[in-house]
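Now for the letters of each chain:
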Protein chains: 2
Amino acid sequence: MAEDLKRRKRGGGRAGNAARRGGAVIEQMPWNPPVNIDRPTEPLGPEGVQAIHDGAMRILEEIGIAFLNPEAVEILRASGGCEIDGENVRMGRDFVMEMIAKAPESWTITPRNPDRRLTIGAGHLNFGNVSSPPSYWDMKIGRKVTGTREMCQNLLKLSQYFNCIHFVGGYPVEPQDIHASVRHLDVLYDKLTLTDKVAHAYCLGKERVEDVMEMVRIAGGLSHEAFEATPHMYTNINSTSPLKHDYPMLDGWMRLARRGQGLVVTPFTLAGAMAPVTMAGAVAQSLAEALCAVVLAQVIRPGAPCAIGTFTSNVDMKSGAPAFGTPEYMRATQMTGQLARFYRLPMRASGVCAANVPDGQAMWETSNSLWSAVQAGANMVYHAAGWLEGGLIASPEKFVMDCEILQHIQRYMDPMLTATGPDEIAVDAIREVGGQGHFFGIQHTQDRYTTAFYAPFLSDWRNYEAWEAAGGVWTPARAHQVFQDIIAGFEAPPMDESIREELAGFVERRKAEGGAPTDF
Amino acid sequence: MAEDLKRRKRGGGRAGNAARRGGAVIEQMPWNPPVNIDRPTEPLGPEGVQAIHDGAMRILEEIGIAFLNPEAVEILRASGGCEIDGENVRMGRDFVMEMIAKAPESWTITPRNPDRRLTIGAGHLNFGNVSSPPSYWDMKIGRKVTGTREMCQNLLKLSQYFNCIHFVGGYPVEPQDIHASVRHLDVLYDKLTLTDKVAHAYCLGKERVEDVMEMVRIAGGLSHEAFEATPHMYTNINSTSPLKHDYPMLDGWMRLARRGQGLVVTPFTLAGAMAPVTMAGAVAQSLAEALCAVVLAQVIRPGAPCAIGTFTSNVDMKSGAPAFGTPEYMRATQMTGQLARFYRLPMRASGVCAANVPDGQAMWETSNSLWSAVQAGANMVYHAAGWLEGGLIASPEKFVMDCEILQHIQRYMDPMLTATGPDEIAVDAIREVGGQGHFFGIQHTQDRYTTAFYAPFLSDWRNYEAWEAAGGVWTPARAHQVFQDIIAGFEAPPMDESIREELAGFVERRKAEGGAPTDF
C-alpha cells in the first residue's frame, strides 16, 4: 500500500484538482441532517416487542440494577417508586413507564453555531465522528500508534469539515501526550474552537463534567440561565454490564440532568459475555440498564431530554473477541429500535467494525452497522466515521471513507429520488427519444443533470485503464490524500475573539488549579 | 499489496489451518437458500406504484416497443392484442395485464442435482456468480487481463464450492482463448461437470441456445418430455434500451418459452443515457421493456415461468461512466420490487460496483447493491459474487469477499436471531449471573455457544497486535489465499460416467459440425 501512496502523488492528485477548481478540496454535500423517510425494518411482531419489554421489566422488578452512587440511590429511594437493598435498586413497571413517559419524544441540541442545531428524535438522523480510541493509524505512519493532541486536532478538523458529520462525540482519539488531569481542558478548547457543532462531555468525575459544561456555555456566549433553558451539549454514559451503573457515570448523568442537557445512555452488552448469548435477552438486559437511568433523570428533572443507545453485539465464542457489524448486530439494533419506539424515546446506534485497517472487511462491517442504524430508525449514530479495531483505533482514511457512505445515506433519504410526478415518469421524454436516440441531449435531461445523481468525492468511477493511467490508486490511498488536503486547507469556523479569550482564560485558570483528579 | 501477499505465506496461512482441521478449506455455512423474512423497503406509496404502472402502460400503449424479430412480431400480431406497425408493437394495458396474469408468481428450477432445486418467487432469495466479464484480475497477476478457459474454470469452481452461491449464471469470465463458435460447448461442459447447480443459457443465436438446452438435458439424464415438464435451466435477456428487443435475444427467449424453461428479462436502463434522467421514469421504461417480453412468453406458452429483472442505475453526467451501488441504484431497485409485487412476478436484481479492484469502494458499492436487492424482495441476485469495473472484470478475490457478505445475508434471515421465547429473553440466566459475573460459563451459554453467532471465514476479528503478528494481511490478500486453497482442494461434484461420456460426445460432435455461427 505504501507503493500506492507514492504513485498517488505522481498522478497530480486531488490537490491539483482542488487548485484548478479554486480551493474546494472536495465537492461534498451541504450541511443538511437527513430525515429518515423509510419505514423501519421490524423483525419483531407485536408479541415479540411485548416479550422483550416484559423481560426488561422483570429484570428491573425482580433482579434490580446496582447503582454504585449513594446520591443516586437516595434520589431513587426518595422517589417512592423503588425497592432499595444496599446498592441494588428494583423498580416496578408502572413506575418505570410513568417516569419514562415524562421524557420528551424528541428534543434539540443547540451548539455555539445555532445553524448547527440538531433534533434528536422525530425521524432525524444525525451522524457523529469516532470517539475515544486510545490509538491511531494512518497510511503514512503505517502502524498503530498512541494518540496525540495533533492527531486529535486533525480528526476534529475532519469532523468540522465534513457536512455529513453532524455532532462531535468524545475525543476522536485520546491525546495521551496531554496529562489526564488537564486533557479535557485542552481537547474541549480544541473542539470548541476548531468546530462549531454539537459537543459532548465525558462523565469522568465532577470536575471534568462541570468544566466542559462551563466551556460550552462560554463558547456559546450564554448566561447560566440560557445554558440551562435548552440542551446545548450532551453526554453519553455506559452501564457496567451486567446490571450496574458506576459512580462517575451516574455523577455526570445527574449533573447534566439538573442542568437540562442531553442525556444518552448506552449499555455495552456483548451477548455471550456480559449479556445472554441470545440476542433478545441481550437486548432486554440492555433496555433494563438504559431505562433505569432514564428513570433517574426523570426523577431529578421531569422532562429531561434522554435517548437510549444500543451497543449490543456478540463475542466470538472461540476467542472472546468482540464482533461488530454482524447479522446479529444488525438484528439487535433493529430490535432495539422497535423498543425505543415502544417507549417513545429517541435512539442512538453506532458505525462500527472489528477490522484493523481500512480495507474491504472494514467497509462491509461498517456498512452493515450504519445501514442497520438507519433501518432501526436511530436518531444519533456515534462513531459513524473513523472507527477501526473495535474502537481501539481512529483512522483518518477510514473517516474519509465512511463519510462517502454517510453521504450515500443522506442522498438516499432525499425524496427526489423516488418522486413519481408526471415530470419524473417522463413519458413525453421517452416518446421524444423513441427507440433510436439517447437521453443525453434532450431538454428533460439538460434541465436536471447537474443535480439528478449522487456525485461521490472518493469513489473512482473511471474505467480500469483510466484509473490505472492515473496511478491505479486504491481507496485508502485516495482517502489519505483527501485527508491531507483537508488538513492543509482547513479553516476554523469563526469565533468572537472575546469569547476565545474567555475560553483560553478559563483553561489557563483551571490548569493553574491543577485540573481534575486522576484517581478514576 | 504484493507485499501483503508475500507476508501472507510467511504466516503459515489458511492452508496450514485447513490441514490442521482435516481438509476443510474454510468453515462455511451449509447449502440453504434463504427465505426473506423482512417486509420490503417501500419508498413508494400506492399512488406512486400506480403512477409508475401507468407510465409503463402508456409507454406500451402509446409509444410501443420495437421487436427486431419477425417471428416474434407475427406471434404478437396473431395474439389479437397488439397494434403492429412494422417492428413497432403497441399493446393495451388490459391485454398486458391479462397476459402477465398467466405467469406464475413462483416457480422452480431443478438442475442435474435435484438437491439444488431453487424456488424463484415466494420470498426466496437466490444468489448467482458474476457473469460475462470479458476480463479478469487477481492479486497474483496484479493487472487486468483477457479471460481464459482456466480462469473461467476456476471461477466455476468457486461457484460450486460456496454454498451461498445458489445458481451459476453465464460465463463467470469470457474465455477468449476458445473460439466463439465453440465457446458455449466448452464452457457448458465445464459448467455442467464442475458444478451441479442451476445453469443458464445465453441467447446468442439458435444453435447455442439449442446446444445448451440439450447439454442440460443430457447432464440431468432427462428425456425430452421430462426436460420440458418443468424448468431445468433458465436464460436472461436484456432489452436494447430504449424500447427495443433484438433478434437473437427474442429468438432464444421464444425457444426457452416453448420448452418451459426459466425466463428472465432485464432491461439495462441507465438513467440519463438510455432512459430518463429521473429514476421513476427509468423504472417505468424498464418495466415496459420487461413486461412486453413476458407478454410474448405467455402468448407462446401460457404459464411460462418468467421473472423481471432490474438493472436501472445512472451514468455519471460528467463522464458518461455508469454508476453502481449508488443511492439512486438502491431506490430504483426497491421501486422495481414494489412493481414486481404489483404484477405478481418474481424479480431479479444484482450485486454490482464500479470499483476496479477489491477495495473499500468495491465493498460499499457491492454492499449497497446486495442489500437493496434484499430490501426490494428480489428472488434472484445476479453477479452476487466476483464483479468489478461495472462488470468488465471478474475477480476471484472479490468473489470470496462477496461470499462473506452473502453469508451475512443468509444468517441475517435466520429467524433464530430475533426469537423472543422465554429461553431467548433469558431472565433466569440474567438472574443467575446477576451483577458480578459473566455469561461465558453458564449453562444457558454452554447450550448455545457453538451456533449462537455468525462465524466468518474471511473477516479477521483478532486485535491489531495479533493480526500484525500473523502478517498484517489486508482483506484482498486473505481472499486470494482462500481462492488458491479452494482451487487446490477442489473436488467436482459426482456425475455418472455414462452421462459424462454422452456430454463429451455431444460436444465433440457439435465441434465437428463447426459449432455455432459467429456473425452475431
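Conventions adopted
Throughout, a residue's number is its position along its own chain's written sequence, starting from 1. Here every chain gets a letter starting at A, and every ligand a number starting at 1, in the order they are written. Only residues with pLDDT of at least 70 get local features here, since the model is predicted, and only at 80 or more are side-chain atom pairs given and counted; chain-wide, interface and lining totals rely on the full set of residues. For side-chain calculations, the full set of non-hydrogen atoms in the structure is used, while hydrogens and water are omitted. Secondary structure follows DSSP: runs of H or I at least 4 residues long count as helices, runs of E at least 2 residues long count as strands, and numbering of each begins at the N terminus. Radius of gyration here is computed from C-alpha atoms only, and the compact-globule reference equals 2.2 Å multiplied by the residue count raised to the power 0.38. Burial classification: accessible surface area is computed with a 1.4 Å probe over protein chains only, and a residue below 20% of its type maximum counts as buried, one above 50% as exposed, and the rest as partly exposed. Note on contacts: a residue pair qualifies if any of its non-hydrogen atoms lie within 4.5 Å across the two residues. Methods summary: accessible areas were calculated by the Shrake-Rupley approach with a probe of 1.4 Å, and residue burial reflects only the protein chains presented. In this tally, Lys and Arg are treated as positive and Asp and Glu as negative; His is ignored, and so are the chain termini. A charged residue contributes its charge at one atom only: NZ of Lys, CZ of Arg, CG of Asp or CD of Glu. The working definition used for a salt bridge is a side-chain nitrogen of Lys or Arg within 4 Å of a carboxyl oxygen of Asp or Glu. Once two parts are joined, some of their accessible surface, as seen by a 1.4 Å probe, is lost; buried area is that loss totalled over both. A 3.5 Å cut-off defines polar contacts: any pair of N or O atoms within that distance qualifies, except that in protein one atom must be a possible hydrogen donor and the other a possible acceptor, and neighbouring residues in sequence count only when both atoms are side-chain atoms. Strand pairing is assigned whenever DSSP detects at least two bridges linking the two strands. We place the copies in one frame by least squares, fitting the C-alpha atoms of every residue whose pLDDT is at least 70 in both. Each pair of aromatic rings taken from Phe, Tyr and Trp, with Trp reduced to its six-membered ring, is defined by centres within 6.5 Å and is described as stacked if the planes are under 30 degrees apart, edge-to-face if over 60, and tilted in the remaining cases. Either the NZ atom of lysine or the CZ atom of arginine qualifies as a charge over a ring when it sits within 6 Å of the ring centre and within 35 degrees of the ring normal. Comment: axis = line fitted to C-alpha atoms, over the contacting stretch for helices; angle = value between 0 and 180 degrees taken between N-to-C directions. We call a set of buried residues a nonpolar core when its members are Ala, Val, Leu, Ile, Met, Phe, Trp, Tyr or Cys and they connect through side-chain atoms within 4.5 Å of each other. What a helix is expected to span follows from its residue count: subtract one and scale by 1.5 Å. Just so you know how the angles are binned, under 35 degrees is roughly parallel, over 145 roughly antiparallel, 65 to 115 roughly perpendicular, and the rest oblique. Crossing chirality is assigned from the near helix's rotation relative to the far helix, an anticlockwise turn below a right angle marking it left-handed and a clockwise turn marking it right-handed. Note on residue classes: Ala, Val, Leu, Ile, Met, Phe, Trp, Tyr, Cys and Pro are nonpolar, Asp, Glu, Lys and Arg are charged, and everything else, Gly too, is polar. Disulfides are defined as cysteine sulfur pairs within 2.5 Å.

The next point concerns the overall build of chain A. Assigned secondary structure in chain A consists of 20 helices and 20 strands. Its C-alpha atoms give chain A a radius of gyration of 24 Å, near enough to 24 Å, the size a compact globule of 520 residues would have. Expressed along its principal axes, the backbone C-alpha trace of chain A runs to roughly 80 × 60 × 50 Å. When each of the 520 residues of chain A is scored for burial, the buried share is 66%. When contacts within chain A are restricted to residue pairs at least 6 apart in sequence, long-range pairs at least 24 apart make up 76% of them. In the form shown here, chain A has an accessible surface area of approximately 16600 Å², with 49% of it arising from carbon and sulfur atoms. The centroid of the 48 positive side-chain charges in chain A is displaced by 3 Å from the centroid of its 60 negative side-chain charges.

All names here are of chain A. Taken as a whole and judged by the stated rule, the model has 66 salt bridges over all chains. In this structure, Arg-255 and Asp-251 form a salt bridge, with 2.8 Å as the shortest nitrogen-oxygen distance. Remark: Asp-251 and Arg-255 occur in helix H10 (residues 247-258); sequence separation between them is 4 residues, near one turn of the helix. Each member of the pair, Arg-255 as well as Asp-251, is classed as buried. Salt bridges sharing common partners tie together Glu-210, Glu-228, Asp-251, Arg-255 and Arg-259.

So, about the interface of chain B and chain A. With 117 residues of chain B at the interface, the matching set in chain A holds 117 residues. Buried area between chain B and chain A, both sides added, is near 9600 Å², and the carbon and sulfur share of it is 65%. Area buried by chain B at its contact with chain A is led by B:Trp364, B:Phe453 and B:Trp461, which between them contribute 10% of it. For the pair chain B and chain A, the interface holds 10 salt bridges. In this assembly, chain B and chain A are joined by 47 residue pairs in polar contact (both at pLDDT 80 or more). The biggest single contributor to the side of chain B that touches chain A is helix H13 (residues 360-376) of chain B, with 9 residues.

Residue and element names in this part refer to chain B. Sheet analysis places strand S2 (residues 82-85) next to strand S3 (residues 88-91), joined by 4 bridges and oriented antiparallel. Each bridged residue has a counterpart across the sheet, and for Asp-85 the counterpart in S3 is Asn-88. From the end of S2 to the start of S3, which pair antiparallel, there are 2 residues, and Gly-86 there has a positive phi angle of about 65 degrees.

Once that is clear, we can look at the pairing of strand S14 (residues 306-309) of chain A. All names here are of chain A. Residues Cys-306 and Ile-308 point to one face of S14 and Ala-307 and Gly-309 to the other, with burial holding for every one of them. Where strand S12 (residues 262-265) meets S14, 3 bridges bridge the pair, whose relative direction is parallel. Directly across from Leu-263, in S14, lies its bridge partner Cys-306. The pairing of S14 with strand S17 (residues 347-350) spans 2 bridges and is parallel. Bridge pairing in S17 places Gly-309 opposite Arg-348.

Each of the two chain copies goes to the other by way of a rotation about an axis and a shift along it. By a simple turn and slide, chain B fits onto chain A: the slide is 0.0 Å along the axis, the RMSD is 0.0 Å, and the turn is 180 degrees. The transformation just described matches what one would write down for a two-fold rotation axis. Scanning chain B for the C-alpha nearest the rotation axis identifies B:Gly360, at a separation of 2.4 Å. Both copies share a contact surface, since 100% of the interface residues of chain B are interface residues in chain A too.

With that out of the way, let us pick up the packing of aromatic side chains. Scanning all chains against the criterion turns up 30 aromatic pairs over all chains. Relative to B:Tyr382, the ring of B:Phe167 lies with its centre 5.6 Å away and its plane at 55 degrees, an arrangement referred to as tilted. Pair noted here: B:Phe167 is in the loop between helix H6 (149-161) and helix H7 (183-194) and B:Tyr382 is in strand S18 (residues 380-385), with a separation of 215 residues, a long-range link. When the centroid spacing of 5.3 Å and the interplanar angle of 55 degrees are considered together, the rings of B:Tyr464 and B:Trp467 count as tilted. Of this pair, B:Tyr464 and B:Trp467 both sit in helix H18 (residues 464-469), 3 residues apart, roughly one helical turn. Both residues of the pair, B:Tyr464 and B:Trp467, count as buried. Feature note: the residues A:Tyr161, A:Phe162, A:Phe399 and A:Phe457 constitute an aromatic cluster, connected by ring pairs. A cation sits over an aromatic face here: A:Arg348 above A:Tyr382, 3.7 Å from the ring centre.

With that settled, the discussion passes to the sheet that holds strand S15 (residues 313-315) of chain A. In a beta sheet, neighbouring strands pair by backbone hydrogen bonds and run either parallel or antiparallel. All names here are of chain A. Taking strand neighbours across the sheet as the criterion, the 3 strands line up as S13-S15-S16 in an open arrangement whose pairing is mixed. One side of each edge strand has no neighbouring strand; the edge strands of this open sheet are strand S13 (270-271) and strand S16 (322-323). Here S13 pairs with S15 via 2 bridges, running parallel. Paired with Leu-270 across the strands is Ser-313, a residue of S15.

All names here are of chain A. Pairing is parallel across the open sheet formed by 7 strands, whose spatial order is S6-S18-S17-S14-S12-S10-S9. In this open sheet, the two strands that pair with only one neighbour each are strand S6 (126-129) and strand S9 (199-201). Adjacent strand axes in the sheet meet at a mean angle of 30 degrees, parallel and antiparallel pairs treated alike. Sheet topology places S9 next to strand S10 (residues 233-237); 3 bridges connect them, and they run parallel. Bridging from a neighbouring strand, His-200 pairs with Tyr-234 of S10. Sheet strands touched by helix H14 (residues 396-412): S6 and strand S18 (380-385). Its angle to S18, the strand with the most contacts, is close to 140 degrees.

In terms of nonpolar packing, the biggest core is built from 342 residues, with A:Phe162 and B:Phe162 touching the most fellow members. Once residues within four sequence positions are removed from consideration, A:Phe162 is found in contact with A:Ile26, A:Gln28, A:Lys197, A:Phe399, A:Val400, A:Cys403, A:Phe457 and A:Ile486.

All names here are of chain A. For H10, built from 12 residues, the straight-helix expectation of 16 Å at 1.5 Å per residue is met to within 8% by its first-to-last C-alpha distance of 17 Å. Of all 12 residues in H10, 9 are buried, a share of seventy percent or more. Burial in H10 covers these residues: Met-249, Leu-250, Asp-251, Gly-252, Trp-253, Met-254, Arg-255, Leu-256 and Ala-257. Regarding H10, its N-cap is Asp-246, as a side-chain oxygen of that residue lies 3.1 Å from the backbone nitrogen of Met-249 further along. Where H10 terminates, the next one or two residues include Gly-260, which has phi positive at roughly 70 degrees.

Residues and elements named next belong to chain B. Two elements in contact, helix H8 (residues 206-219) and helix H10 (residues 247-258), have axes separated by 9 Å at closest approach and are oriented at 30 degrees. When the axis of H8 is compared with that of H10, the two are roughly parallel. Between H8 and H10 the crossing geometry is right-handed. Facing Lys-206, Val-209, Glu-210 and Met-213 of H8, the residues of H10 in contact are Asp-251, Gly-252, Arg-255 and Leu-256. For the contact of H8 with H10, the residue count by class is 3 nonpolar, 1 polar and 4 charged.

Following the criterion strictly, the structure yields 0 disulfides over all chains and no others. We note that A:Cys292 lacks a disulfide partner, and the nearest cysteine sulfur, in A:Cys82, lies 9.2 Å from it. Among the cysteines around B:Cys403, which has no disulfide bond, B:Cys164 carries the closest sulfur, lying 3.8 Å off. According to the relative accessible area criterion, B:Cys403 is buried, its value standing at 0%.

In this section: the packing of helix H11 (residues 279-300) of chain B against helix H12 (residues 327-342) of chain B. Residue and element names in this part refer to chain B. Two elements in contact, H11 and H12, have axes whose closest approach is 10 Å; the angle formed by their N-to-C orientations is 45 degrees. In terms of their interaxial angle, H11 and H12 are classed as oblique. H12 is crossed by H11, and the crossing has right-handed handedness. In this structure, H11 contributes Met-279, Ala-280, Val-283 and Leu-287 to the contact, and H12 contributes Glu-328, Ala-332, Met-335, Thr-336 and Leu-339.

The subject of this paragraph is the side chain of A:Asn379. Residues and elements named next belong to chain A. One can find Asn-379 in the loop between helix H13 (360-376) and S18. Overall, the relative accessible area of 5% leaves Asn-379 in the buried class. One polar contact links the side chain of Asn-379 to the main-chain carbonyl oxygen of His-124, over a distance of 3.0 Å. If we ignore the near neighbours within four places in the chain, the residues touching Asn-379 are Ile-120, Gly-121, Ala-122, Gly-123, His-124, Leu-125, Asn-126, Pro-346 and Met-347.

Relative to the helices and strands, B:Lys144 is located in the loop between strand S7 (135-136) and strand S8 (145-146). You can call B:Lys144 buried: its relative accessible area is 18%. Within the structure, B:Lys144 has its side chain in polar contact with the side chain of A:Glu465 (distance 2.9 Å). Engagement of the side chain of B:Lys144 in a polar contact is seen with the side chain of B:Glu389, the distance being 2.8 Å.

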